[in-house]
Amino acid sequence: MSSLGELKCSIQRVTAVKLVKSLTNNQSLHLFTGAGSKVHLQELISDEWVSLYHQVVLKGAVIYGFCIGPEKHIAVFGQKAVVICQFDTDHRMKVVSPLRRLDDWICDLQWLDTDEQQTLQYAVITAHNRLLCCDVKGNLIDCYLSDVNCILYSAKILPSACRRPAKDGGELAVVAGTVFNTVILWTADSLACKSPLTHSLYGHKGVIFDIDVHMDNRLMCSVSDDRSIHLWRWKYDSCKEKTWSNVEFDLLAVLNGHTCRVWSAVVLDSRRIISIGEDGYVIVWDEHGLIKRRLRSHNSGSVWSISVSSHHMVTTGANGSVWMWRLDSLLEDNLEEISAQSPVSIEGQADFPRVVEVQAHCCFVLTDKGCLYGYNLLKCSTKLLEGGASWSLIATTDASNGLTFIALGTTFGLIRLLLIDRFLVIQGLTEFEASEEKLLKLQWVRDTHQLLVSISNGTVLKYEVEGTGSMNISVSERNRYSLPKQKQWFPACSCQLTGEAGAHYLVLADMDGSIHLYRIEEEARSLAQPQMTLYRVHGKKGLTDMYSYGNILHTIGRDGHYHKYSLSSAKLLMLDSVKISTEFNWLARFIPDNDDSGVKLVAFHTTEIILYDVTLNYAILRVNCGGGHRSWDFTQYAQAFYVVFIRAKSVQIFKKSCNTSFVELTPSFHIGKVTCGHLLSTDSQAILITGGDDGCVMASAIDETGSNLLSASRKSTHVYSHISSIKCMRCAYSLSQPDTLMVFTGGGRAQLVAAKLRIEAEAKVKTLSVCSTFLSRGPSKKEKISMDNRVMAITSVPLTTDRHLLLLACSDGCIRLAVYNDETEHLCVGSTRLYEHSHCLLSLHSCSGTGNPLLLAVSATDGAIILLNLSPDLIQNQLLCSFPSAQTCQLQPSVSVCPLLTIQSHQSGVNALTSSCLFGSKLTLYSGGDDNSVVVSEIDTHERKMLCQQVYSQQHAAQITGIALYGDRLITCSVDQRLHIWCKKSSLSGWNLCGSMFIDIADIACLTSHGEMVAVCGQGVEVLQNL
């Protein structure tokens, strides 16, 4: 890193990974990962991965590979650069040869076998099919050429076919994948002439991205843009010498299973292949091309690289995560069926199971004849608990201390409560008449001992159930609730919420998918009506489950969405809505963690029941149950998952160990580009809030202790999501709650979102409220705004003591207005168009000068910067007319605001804009654009004219995407990955470039600063300080 500044943290996509035996003791593992130009080394110590070392090694290039050589030498290569390092006793990599830059892209590097007296040598194959042999100092020794002059997408340097080192007469060969969809093989025979091809393998219909060779089993696999994997086996001619020229290749299988491009594959042995691809799947294949396991990983983002050892595998994803897999659990699914037949023995040929429920390690089955059976999952034993009655309803819940409450009901109103211990022995029993009306359903309020009894007139009775010290059961009716009339007049699920001042609320979800909120009153016998109803929150398909944590309500439904609500002022406000997976829609059950830090879901897809980890976007288990329209249940007990369901009139039970197949070494960040960001700091922590092309807003804690390269943002929190990519962000503190942060974001599909956050201890970000809206119609009701419209830039100013005025620059060339009410937490977009431009608007900046309460600078794709003066009269008398109240927007004619001044500062789009006031009415604008220029414009706002303008067009080699003032200096960044620091000339008439540094982040999209810190965002994030 340049001496201009200090790298505080870097979060990037890991592009190279190498898993090897420890270079010091051979008893553990070393993991090398490359992110940008940095190398990070970790060691497995007592089943824990410990960070040993991180350093910039391949400066100015991206690392794509490691090669471990003799004498603990390590070759680090990527793009057109190579560095040779040596591992020392202090677990550090000492550079033993300077960075060497070639004139061609490096596809592969391998160490060569040399005599002890000779200098170490390595071979490099380049993208133009040239094989270079160099010594450890980087001096070129030999250069071999093939007679096929073509571009390579991938290549591997092969050892001799007879496994004889080159120093003993063995040959040096190259197998490569070309842009012409062909796998070619040639040997380095002569320096005097070009080497001919020995083999050309056809069959792929796309370019070859990777090739892997397994010498012991004589197998080779190639992966391609055509989404296929070709598995080849070679054999020797027994009558000829074992050379690559004399082998014959046979195509064993074509493996089709990926839905997108396949990036890489590894041949483990003669029976198994593992592949990774752009679709986010890790697939295990057999030698016949059949899929043995298919696992979605890395938050469904692209899986970029893979490395395998004898017992472990490492993969890296587009979201920046690194996963360590255990090969034994990855290759073999440890799903166990307890019994092929029904494990529950039911007496009588005419009886069969109707309902199944599980608590802890006990499975309870209610049969068609009304008998209740218990089955011990650990001992595999069955016991008849109840028989001879017409029980048709059942509900179970945990009664603590290894006990279970079971409620049995008949349709004519009789309810029996049982208290069962873990040995399936009845410890308590009571019976009562609930109603003369027909009973429709029994259910327990989640995580309570409150029993809900639904009767046919839509009334829901709530009973408090307690087990006394003598194991007797006491039952008392507490409340009655009226459920709005519907076809199926009973609740689908229920839970309790805690509101302000300790008030408790009951939430009932009906079978139509609506949520009803009731206030819980002590000893209230009157029929309670819902205080609030949210209708069909999961669409026509309905809500399936919900759970609460404090004042936060979580719901899922058969539309595939996961909703999050906050209870505030006796109202439910939506915080977030996320589409869990594109693979399935039917979400059936929540399995929350105890501290609300993570959630697992039970879902259905066609005939499969799936246990899905939401945090990791990973399917833990899949069982073919025949579909979701059956009685089923799920439990986790004694480090195992149990899935129980009824199929073909029998109870089937499946068990799987809780031990996951992988460990997440580096948690995920954004998938794709980070498009906007905002830095802020609390008393003890720096926070970076980012939005990206993946539609997610994340809050990340920046490590204050130093440059923890791959895990500085490990406290990242997903705040909320957009339905499309996020284009802009604005942060401001709440007007009514100074300790609360407001985040306003805009993006694709004409969406605007306002969120209220609180930064708590240990940099934990709590989402208090989220409200979302879309750009409204124009003044004419017939005029519609296309959903292709995008909010490109946003700024906010305090409007009144409780309202924020938001100014939105849109892709259709219009500046629109919105108001956020801090007290009611309502976001309203007005129809007023403040200004209309002929081109797409790109950036927006609010500034002030003498006599101008609000001066607005906006830039567009035609290179123009427009200044707008928003006077107090305009704001109070015209703009506020569009927002007469906190929750309504009136359709007003467009407010005509004439530009104060229009400057043609760039030849094309202006991507970045900031300003500073000099003195009096003079304003200085700083802009960067697609023409690679930095323009400084000094303006007199009273005279409405430009005083002078300086253009700096030679310092950046690509379009400028970020500009910010840093004290008395100016910082600019560009897609060319350069960050420039500008200083004011002593003459006060111009700027000098006083410093420059290379930024590892590709495709830089924005720049944000706070105090001494600067964050550069693009394909990752780098935070710098002390520039």
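Residues numbered from 1 in each chain as written. Predicted model: local features only at pLDDT ≥ 70, side-chain atom pairs only at ≥ 80, totals over all residues. Heavy atoms only, no water.

**Let's talk about the nonpolar core**
In terms of nonpolar packing, the biggest core is built from 36 residues, with Ile-274 and Trp-325 touching the most fellow members. No other element matches strand β54 (residues 618-624), which puts four residues into this core. Not counting residues up to four positions away in its chain, the partners in contact with Ile-274 are Ser-264, Ala-265, Val-266, Leu-268, Val-282, Ile-283, Val-284, Ile-306, Met-313, Leu-327, Leu-330 and Leu-331. If you look at the next biggest cluster of nonpolar residues, it comprises 22 residues, including Ala-809, Leu-817, Leu-841 and Ile-866. (Core = buried A, V, L, I, M, F, W, Y, C linked by side-chain atoms within 4.5 Å. Buried < 20%, exposed > 50% of the residue type's maximum accessible area, 1.4 Å probe, protein only. Helix = DSSP H or I, 4+ residues; strand = E, 2+ residues; numbered from the N terminus. Contact = heavy atoms within 4.5 Å.)

**Overview of the confidence of the model for the protein chain**
For the protein chain, the average pLDDT comes to 84, and 90% of its residues sit at 70 or higher. Within the protein chain, helix α2 (residues 872-879) has the poorest average pLDDT of any element, 62, and strand β22 (residues 262-267) the best, 95. Confidence drops under a pLDDT of 50 for residues 705-714, and excluding neighbours within four residues, the segment shows 30 contacts in the predicted structure. (pLDDT = per-residue confidence, 0-100.)

**A short note on the sheet that holds strand β7 (residues 73-78)**
A sheet is described by the order of its strands in space; here four strands give the open sequence β6-β7-β8-β9, paired in antiparallel fashion. Both outer strands of the open sheet, β6 (65-68) and β9 (93-101), are each paired with one neighbouring strand and no more. Each strand axis lies, on average, 20° off the axis of its neighbour in the sheet, ignoring direction. In this structure, β7 lies alongside strand β8 (residues 81-87), joined through six bridges in antiparallel fashion. Bridge pairing in β8 places Val-76 opposite Val-83. (Pairing = 2+ DSSP bridges. Axes fitted to C-alpha atoms, helices over the stretch in contact; angles between N-to-C directions.)

**So, the side chain of Ser-846**
Here Ser-846 is to be found in strand β71 (residues 841-849). There is a polar contact of 3.3 Å between the side chain of Ser-846 and the side chain of Thr-795. (Polar contact = N/O pair within 3.5 Å; in protein donor to acceptor, adjacent residues only side chain to side chain.)

**Some details on the environment of Leu-665**
Note on placement: Leu-665 falls in strand β58 (residues 662-666). Along the primary structure Leu-665 and Thr-316 are separated by 349 residues, whereas in three dimensions their C-alpha atoms are 9.9 Å apart. Discounting residues that sit within four places of it in the chain, Leu-665 has contacts with Leu-31, Gln-42, Trp-49, Val-322 and Met-324.

**Digging into the state of the cysteines**
A covalent bond between the sulfur atoms of two cysteines is referred to as a disulfide. All told, the structure shown has one disulfide when counted by the stated rule. Its sulfur unpaired, Cys-363 is 8.9 Å from the next cysteine sulfur, which belongs to Cys-362. Take Cys-810: it sits in no disulfide, and the sulfur closest to it among the cysteines is that of Cys-814, at 6.9 Å. With relative accessibility at 0%, the residue Cys-810 sits in the buried group. (Disulfide = S-S within 2.5 Å.)

**Re a nonpolar patch on the surface**
The grouping of Ile-723, Phe-774 and Met-787 at the surface amounts to a nonpolar patch, some 260 Å² of accessible area in total. Checked against the element boundaries, Ile-723 lands in the loop between β62 (717-721) and β63 (726-733). Note on Ile-723: relative accessible area 55%, which makes it exposed. (Patch = residues over 30% accessible without salt bridge, like charges linked within 9 Å, V, L, I, M, F, W, Y side chains within 5 Å. Areas by Shrake-Rupley, 256 points an atom, 1.4 Å probe, with all protein chains shown as cover. Salt bridge = Lys/Arg side-chain N within 4 Å of Asp/Glu carboxyl O.)

**Concerning the packing of aromatic side chains**
Note on aromatic pairs: each is described by the distance of the centres and the angle between the planes. Here the structure, examined in full by the defined rule, presents 27 aromatic pairs. Taking the centre distance of 5.9 Å and the plane angle of 75° together, the rings of Trp-111 and Tyr-122 count as edge-to-face. In this pair, Trp-111 sits in strand β10 (residues 106-112) while Tyr-122 sits in strand β11 (residues 121-126), placing the two residues eleven residues apart along the sequence. Under the relative-accessibility criterion, Tyr-122 is labelled buried at 2%. (Phe/Tyr/Trp six-rings, centres within 6.5 Å; stacked < 30°, edge-to-face > 60°.)

**Thoughts on the sheet that holds strand β68 (residues 803-810)**
Sheet architecture is open: four strands sit in the order β67-β68-β69-β70, paired in antiparallel fashion. For this open sheet the edge positions go to β67 (791-798) and β70 (826-836), each flanked by a neighbour on one side alone. Across this sheet, the average inter-strand angle for adjacent strands is 25°, counted without regard to direction. Of the strand pairs in this sheet, β67 and β68 are connected by seven bridges, and their pairing is antiparallel. Note that in β68 the partner of Ala-793 across the bridge is Ala-809.

**A look at the side chain of Asn-376**
In this structure, Asn-376 sits in strand β32 (residues 372-376). Within polar-contact distance, the side chain of Asn-376 engages the backbone nitrogen of Lys-379 at 3.0 Å. The residues contacting Asn-376, other than those within four sequence positions of it, are His-361, Ser-381, Arg-422 and Leu-424.

**Some thoughts on the environment of Ala-750**
On the secondary structure map, Ala-750 appears in the loop between β64 (741-747) and β65 (751-759). Each C-alpha atom, one on Ala-750 and one on Asn-789, is 5.1 Å from the other, the two residues being 39 residues apart in sequence.

**Comments concerning the pattern of salt bridges**
The tally for this structure, following the rule as stated, stands at 23 salt bridges. In this structure, Arg-446 and Asp-545 form a salt bridge, with 2.9 Å as the shortest nitrogen-oxygen distance. Of this pair, Arg-446 sits in the loop between β38 (439-444) and β39 (450-455) while Asp-545 sits in strand β47 (residues 543-549), and the two are 99 residues apart along the sequence. Taking relative accessible area as the criterion, Arg-446 reaches 21% and is therefore assigned partly exposed. Three or more residues joined by partner-sharing salt bridges are found here, namely Arg-296, Glu-583, Glu-608 and Arg-622.

**Points about the pairing of strand β24 (residues 281-286)**
Within β24, six of the six residues are buried, which leaves the element mostly enclosed by the surrounding structure. Burial along β24 is two-sided: Tyr-281, Ile-283 and Trp-285 facing one way and Val-282, Val-284 and Asp-286 facing the other are all buried. Two elements, strand β23 (residues 272-277) and β24, share five bridges in a ladder whose sense is antiparallel. Within β24, the residue paired with Arg-272 across the bridge is Asp-286. Where β23 folds back on β24, the antiparallel hairpin that results is connected by three residues, among which Gly-280 adopts a positive phi of roughly 85°. Taken together, the five bridges between β24 and strand β25 (residues 291-296) define a ladder with antiparallel strand orientation. Within β25, the residue paired with Val-284 across the bridge is Arg-293. The loop that links β24 with its antiparallel partner β25 comprises four residues; one of these, Gly-289, has a positive phi angle of about 90°.

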